[in-house]
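The chain contents come next:
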Amino acid sequence: NDEGYWPYVDQFTAWNPKGSAAANVAYTGKSASVRASGCNYQPTDNAVGVSGQPYVFLNKVPVEAYFVIENLTVTGATNYTFTFNVSCQNGYSGTPTFATVNGSLVHLELGYDGENWDAVDCTFVENGGNGWYAATAEFKTAADATKLYARFSYEAPASNGGGRFDGFKLV
């Protein structure tokens, strides 16, 4: 931004949502920014579904930092798959070190009103080096659902850690 800081997710203006589910999305969060992270954080060329920088960046514990995609259009009582990519830095000493990503480190919660949340289990598979993992969650919406909210958080193991999120897709 004008002060030389990366913008918070609600201030970022270059989002590129696609598809009918994303027609009315908005992005919010707390201590969640959008940033370009440099070559040490890029996935290798064989990564699938990582669109590239900038990434959503979280670097606080979940009660302090989170990222929310709001107003995804859904149909009630329907099975969905939600995918995203994530890389978790667990330290930095000249170069970053990366954590093995799993459900104790990265959390996805879904809700229908932006206030009440249910944790959703994700599977994580390595995807393209530099700590990048493809995450998948499968779920069924409530019978009366028309909007879905997705909240992401990250258990930062150290003050110099950080979670980078990219390539969100609802099918």
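An account of the accompanying structure is given in this report. (Residues numbered from 1 in each chain as written. Predicted model: local features only at pLDDT ≥ 70, side-chain atom pairs only at ≥ 80, totals over all residues. Heavy atoms only, no water.)

## Describing the environment of Glu-70
Filter applied, for reference: To qualify as a helix, a DSSP run of H or I must reach at least 4 residues; to qualify as a strand, a run of E must reach at least 2; elements of each kind are numbered from the N terminus. Here a polar contact means two N or O atoms within 3.5 Å. Within protein one must be a hydrogen donor candidate and the other an acceptor candidate, and residues neighboring in sequence count only if both atoms are side-chain atoms.
Mapping Glu-70 onto the fold places it in strand E4 (residues 66-73). For the pair Glu-70 and Tyr-112, spaced 42 residues apart in sequence, the C-alpha to C-alpha distance is 9.0 Å. Within the structure, the side chain of Glu-70 is placed 3.1 Å from the side chain of Thr-28, a separation counted as a polar contact.

## What to know about the sheet that holds strand E7 (residues 106-111)
The strands making up a sheet associate through hydrogen bonds between their backbones, and the pairing can be parallel or antiparallel. Here is the rule we go by: Strands are treated as partners if at least two bridges between them are detected by DSSP. With axes taken as lines fitted to C-alpha atoms, and helix axes fitted only over the stretch in contact, angles between N-to-C directions fall between 0 and 180 degrees.
Spatially, E1-E4-E11-E7-E8 is the arrangement adopted by the five strands of the open sheet, whose pairing is antiparallel. The strands lining the two open edges of the sheet, one partner per strand, are strand E1 (26-30) and strand E8 (118-120). Along the sheet, successive strands turn relative to each other by an average axial angle of 25°, direction set aside. When E7 meets strand E11 (residues 147-154), the two strands line up antiparallel, connected through six bridges. Across the sheet, the residue bridging to Gly-111 is Tyr-149, located in E11.

## Re unusual backbone geometry
Our working rule: Buried, partly exposed and exposed residues are distinguished by accessible area as a fraction of the type maximum, computed with a 1.4 Å probe on protein chains only: under 20%, between the cut-offs, and over 50%, respectively.
For the bond running from Gln-53 to Pro-54, omega is 5°, close enough to zero to count as cis. Mapped onto the fold, Pro-54 is located in the loop between strand E2 (32-35) and strand E3 (55-58). One non-glycine residue, Ser-31, adopts positive backbone phi at about 55°. A positive phi is found at Asn-130, a non-glycine position, where the angle reads about 50°. Positionally, Asn-130 belongs in the loop between strand E9 (123-126) and strand E10 (132-140). Owing to a relative accessible area of 31%, Asn-130 belongs among the partly exposed residues under this scheme.

These figures capture arrangement, not role.
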